[in-house]
Amino acid sequence: MSSIVSLARPNVPATEWATILLGVLLFVTPWVVGYAGLTGAAWTSWLVGALVIVVSLTVVRGNRGSRQAIQH
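No experiment lies behind these values; they were computed from the predicted model shown. (Residues numbered from 1 in each chain as written. Predicted model: local features only at pLDDT ≥ 70, side-chain atom pairs only at ≥ 80, totals over all residues. Heavy atoms only, no water.)

Another point: the overall build of the protein. When helices and strands are counted, the protein shows three helices and zero strands. Starting at the N terminus and ending at the C terminus, the protein contains elements arranged as α-α-α. Counting across all 72 residues of the protein, residues that qualify as buried make up 22%. Once local pairs closer than 6 in sequence are excluded, the contacts in the protein between residues at least 24 apart make up 42%. Surface exposure of the protein reaches about 5200 Å², of which carbon and sulfur atoms provide 72%. (Helix = DSSP H or I, 4+ residues; strand = E, 2+ residues; numbered from the N terminus. Buried < 20%, exposed > 50% of the residue type's maximum accessible area, 1.4 Å probe, protein only. Contact = heavy atoms within 4.5 Å. Areas by Shrake-Rupley, 256 points an atom, 1.4 Å probe, with all protein chains shown as cover.)

Pasting the structure below:
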């Protein structure tokens, strides 16, 4: 959902950080909810959560550089 809002309003950095937060929540969910013992489901949450975090951080870094270039 935050990615859709980010596409609709590309100049709002809060949506990018919201996507990172959702990735972190997805990563910790197996421990919080208690399905860390279910190997397939837990690994899916860990891998997808880590992927969302890495891709979102890459987007934040890229957008930060482009925002600084526009300001100068």
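Still more to cover.
So, about the packing of aromatic side chains. Overall, the coordinates contain three aromatic pairs when judged by the stated rule. Both rings, one in Trp43 and one in Trp46, keep their centres 5.4 Å apart while their planes meet at 85°; by these two values the pair is edge-to-face. Highlighted residues: Trp43 and Trp46, both in helix α3 (residues 39-71), separated by three residues, approximately one helical turn. Chaining the aromatic ring pairs together yields one cluster made of Phe27, Trp31, Trp43 and Trp46. (Phe/Tyr/Trp six-rings, centres within 6.5 Å; stacked < 30°, edge-to-face > 60°.)

On the surface, Leu21, Leu22, Val24, Leu25, Phe27, Val28, Trp31, Val32 and Val33 cluster together to form a nonpolar patch covering roughly 830 Å² of accessible area. Relative to the helices and strands, Leu25 is located in helix α2 (residues 13-34). A relative accessible area of 44% means that Leu25 is categorised as partly exposed. (Patch = residues over 30% accessible without salt bridge, like charges linked within 9 Å, V, L, I, M, F, W, Y side chains within 5 Å. Salt bridge = Lys/Arg side-chain N within 4 Å of Asp/Glu carboxyl O.)

Looking at the protein as a whole, its pLDDT mean stands at 85, while 83% of the residues score no less than 70. Mean pLDDT across the elements of the protein ranges from a minimum in helix α1 (residues 2-8), with 73, to a maximum in α2, with 92. (pLDDT = per-residue confidence, 0-100.)

Moving on, we get to α2. Under the 1.5 Å per step criterion, the end-to-end length of α2 is 32 Å for 22 residues, consistent within 8% with the ideal 32 Å. Of all the bends found along α2, the most pronounced is centred on Val28 and spans about 50°, while Pro30, a proline, follows it within four residues. Residues of α2 that are buried: Thr15, Glu16, Thr19, Ile20, Gly23 and Pro30. (Expected span 1.5 Å × (residues − 1). Bend = angle between axes of the 7 residues up to and from the residue.)

Further remarks concern the environment of Val24. Tracing the sequence through the fold places Val24 in helix α2. Along the chain, Val24 and Ala50 lie 26 residues apart, while their C-alpha atoms are 7.5 Å from each other.

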